Amino acid sequence: MVRMRARGADKPMRDIKGLYTNPVYRGDFPDPSVIRVGENDFWATTTSTDWAPQFPLLHSRDLVNWTHASAVFGNRPEWSAGNFWAPELSYYRGRFYVYYVARHRDGPLTIGVATAEKAEGPYTDHGPMIGQAAGSIDPTAVTGEDDRRYLIWKEDGNSQGLPTTIWIQPLSEDGLRLVESARPILSNDAAWEGGVVEAPSIMRRDGYFYLFYSGNACCGRNCKYAVGVARAASVLGPWEKYSGNPILKGNGDWRCPGHGSVVDTAQGQTYYLYHAYAKRDSIFVGRQTLLDKVTWRDDGWPQINEGKGPSSLASAPLRKQRVHRKPAYFNPFIVHKLIGDWQWPQGHPPQVRFPRGLNRGLILGSAATSREGDALGGVLARCTHYGDYTAETAVDIAGLQPGVEAGLCAYGDAKNSVGISYLDGMVRVWQRTRGEHRLLAQERVGAVRTLRLRMSARRGYQFSFSYNTSGTHWTELRRAPLRAAHLPPWDRGIRIALTVGGCVLAQARFKWLRIIANQAEQHSRVA
């Protein structure tokens, strides 16, 4: 048993040379796709669902330490309306491709494609490619043994109560269109797969194509996700499923692993980057990004982490690296732009600006699409990293116009959130459930310039709220913890959000945001 302990709220956890801990990227970043560019230059992208910017782009030099670099789309493509799922990165003949999923404004889940000259973008969207009646999702591109390029994807039959099928079809020379006809290569016919086979990722080794795929229910409290593998001498099949499937399933630390992609290092090792729920935090943090090594049995079939399920502590791909973990986040908003993985509801971008001079901070304004009276007219959010945490911010309430409400909340979606805010002399705790917004507690505060707001979470869904007008003393509102198990949608984790609203042109200045993992989370116990 190895324990890694934080030495202080803002100091990195003790690192261990040559080892890493999962997750390699914390927060709700599911369905990762990864490629290697050159020797040790790795790029990944993940699902963003209904958050913008669409499809975050992550960069790493070692597969373990990742930074948020940019996003595929700053604004959603005009043809799309939501459900931004399962982007797949690939490189072919001097261009970078992202095949991705979005819901068409006029109908089903549809696969689109975007290209760029560099992995980090900017990306140009080329529009939709295919949208079957049941929905088309989880695309991946592969070069066949005939040197032709193919697209492989899943028809989303399970969403209609139908069998699911994975299809293959040739791509045009430029990789932007499907040509000829599609043919099925895989379907859900094994008991462990339930009603689903999806998330194909393909590699070639020793004369075979290996198709890693996921099966069963991906998300939420009742998930049963796991990973299987099939192989074929030709990308067109026939495909043989491994009799030992699934090769990756949950264990005592991680639940429902799956939907990943395979990548080789320059040293010839193979790794699988995928997502899973931490058992402690479960659905409230969301599906986090994990990494495990793929090795090969004597019979030619792959195994992941020797069949033990997701690892908690493992040997790093590059043995000399040092891996740092910080249990705290602090942003004083002194850099005049958003840095890192900030998000906002897609289709409702808030107004954000950074004043200069003595009154620094972040000015958050309502989205142009906001409604009069909506407390969540402007939302700027970050993923939670733990189930037990404390988030704090400071609001310049002296600068607020009458009718403007500013605050801090745990955000599931536009219809499901809980939070603390200030409005016209009152500090308030509220809850929104299925669109019904209810005031739970409020107190009047004196004439102060700055109000500090605090939100503490336990087990991901139990919240307490307090405020501070003096700089030292915190006053708790609604002393009984607020249970908010309704918050995360089935496929998303909770976000910590700065909020502004109350009137259409509302704006508020936030001085800083701090997020600290509570004591229980500052001890990472790994076997």
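Thresholds, definitions, all that
- Residues numbered from 1 in each chain as written.
- Predicted model: local features only at pLDDT ≥ 70, side-chain atom pairs only at ≥ 80, totals over all residues.
- Heavy atoms only, no water.
- Disulfide = S-S within 2.5 Å.
- Helix = DSSP H or I, 4+ residues; strand = E, 2+ residues; numbered from the N terminus.
- Buried < 20%, exposed > 50% of the residue type's maximum accessible area, 1.4 Å probe, protein only.
- Patch = residues over 30% accessible without salt bridge, like charges linked within 9 Å, V, L, I, M, F, W, Y side chains within 5 Å.
- Areas by Shrake-Rupley, 256 points an atom, 1.4 Å probe, with all protein chains shown as cover.
- Salt bridge = Lys/Arg side-chain N within 4 Å of Asp/Glu carboxyl O.
- Pairing = 2+ DSSP bridges.
- Core = buried A, V, L, I, M, F, W, Y, C linked by side-chain atoms within 4.5 Å.
- Contact = heavy atoms within 4.5 Å.
- Axes fitted to C-alpha atoms, helices over the stretch in contact; angles between N-to-C directions.
- Phe/Tyr/Trp six-rings, centres within 6.5 Å; stacked < 30°, edge-to-face > 60°.
- Lys NZ or Arg CZ within 6 Å of the ring centre and 35° of its normal.

Q: Lay out the state of the cysteines with the relevant residues and their values.
A: All told, the structure shown has two disulfides when counted by the stated rule. The disulfide partner of C223 is C256, and the S-S distance across this bridge is 2.0 Å. Since a negative S-S torsion denotes a left-handed disulfide, the C223-C256 link at about 85° is right-handed. Here C223 is found in the loop between β17 (208-215) and β18 (226-232), whereas its partner C256 is found in strand β20 (residues 254-264), with 33 residues between them in sequence. Each member of the pair, C223 together with C256, is buried. In the protein, the bonded cysteines, numbered by position in the sequence, are linked as 1-2, 3-4.

Q: Give me a nonpolar patch on the surface: which residues, what numbers.
A: Taken together, the side chains of I334, V335 and I339 present a nonpolar region at the surface, about 260 Å² in accessible area. With respect to the secondary-structure elements, I339 resides in the loop between β25 (328-331) and β26 (344-345).

Q: Before we move on, can you summarise the sheet that holds strand β16 (residues 197-205) with the specific residues and values?
A: Spatially, the four strands line up as an open sheet ordered β16-β17-β18-β19, and their pairing is antiparallel. Strands with a single pairing partner mark the edges of an open sheet, and in this sheet they are β16 and β19 (240-241).

Q: Before we move on, can you summarise the nonpolar core with the specific residues and values?
A: Ranked by internal contacts, the top residues of the largest apolar core, which has 55 residues, are M455 and F463. Discounting residues that sit within four places of it in the chain, M455 has contacts with Y389, T390, A391, L408, C409, A410, F463, S464, F465 and I496.

Q: Describe the sheet that holds strand β33 (residues 426-433), and please don't skip the residues or the numbers.
A: Overall, antiparallel pairing links the six strands, which are arranged β29-β38-β31-β32-β33-β34 in an open sheet. Whereas interior strands pair on both sides, the edge strands pair on one side only; in this sheet they are β29 (378-383) and β34 (436-444). Each neighbouring strand pair of the sheet contributes to a mean axis angle of 20°, computed without reference to strand direction. Taken together, the seven bridges between strand β32 (residues 416-423) and β33 define a ladder with antiparallel strand orientation. Among the inter-strand pairings, S417 is bridged to a residue of β33, identified as R432.

Q: Describe the packing of aromatic side chains, naming the residues involved and giving the relevant values.
A: With the rule as written, the count across this model stands at 21 aromatic pairs. Taking 6.3 Å as the distance between ring centres and 55° as the angle between the ring planes, the aromatic pair formed by F55 and F73 counts as tilted. Remark: F73 occurs in strand β7 (residues 66-73) and F55 occurs in strand β6 (residues 54-60); sequence separation between them is 18 residues. Every member of this aromatic cluster is reached through a ring pair, and the members are F55, F73, W79, F84 and Y100. Just above the ring of Y329 sits the side chain of R382; from NZ or CZ to the centre is 4.0 Å. Its guanidinium or amino end placed over the ring of W342, R382 lies 5.1 Å from that ring's centre, counting from NZ or CZ.

Q: Give a description of the pattern of salt bridges that names residues and reports values.
A: The full count for this structure, using the stated rule, is 23 salt bridges. Here K154 and D156 are joined by a salt bridge, their closest N and O atoms 2.8 Å apart. The burial state of K154 is the same as that of D156; both residues are buried. Between D491 and R492 there is a salt bridge, with its nearest N and O atoms 3.1 Å apart. Across this residue pair, the class does not change: D491 and R492 are buried. Three or more residues are tied together by salt bridges with common partners; here these are E392, R452, R454 and R514.

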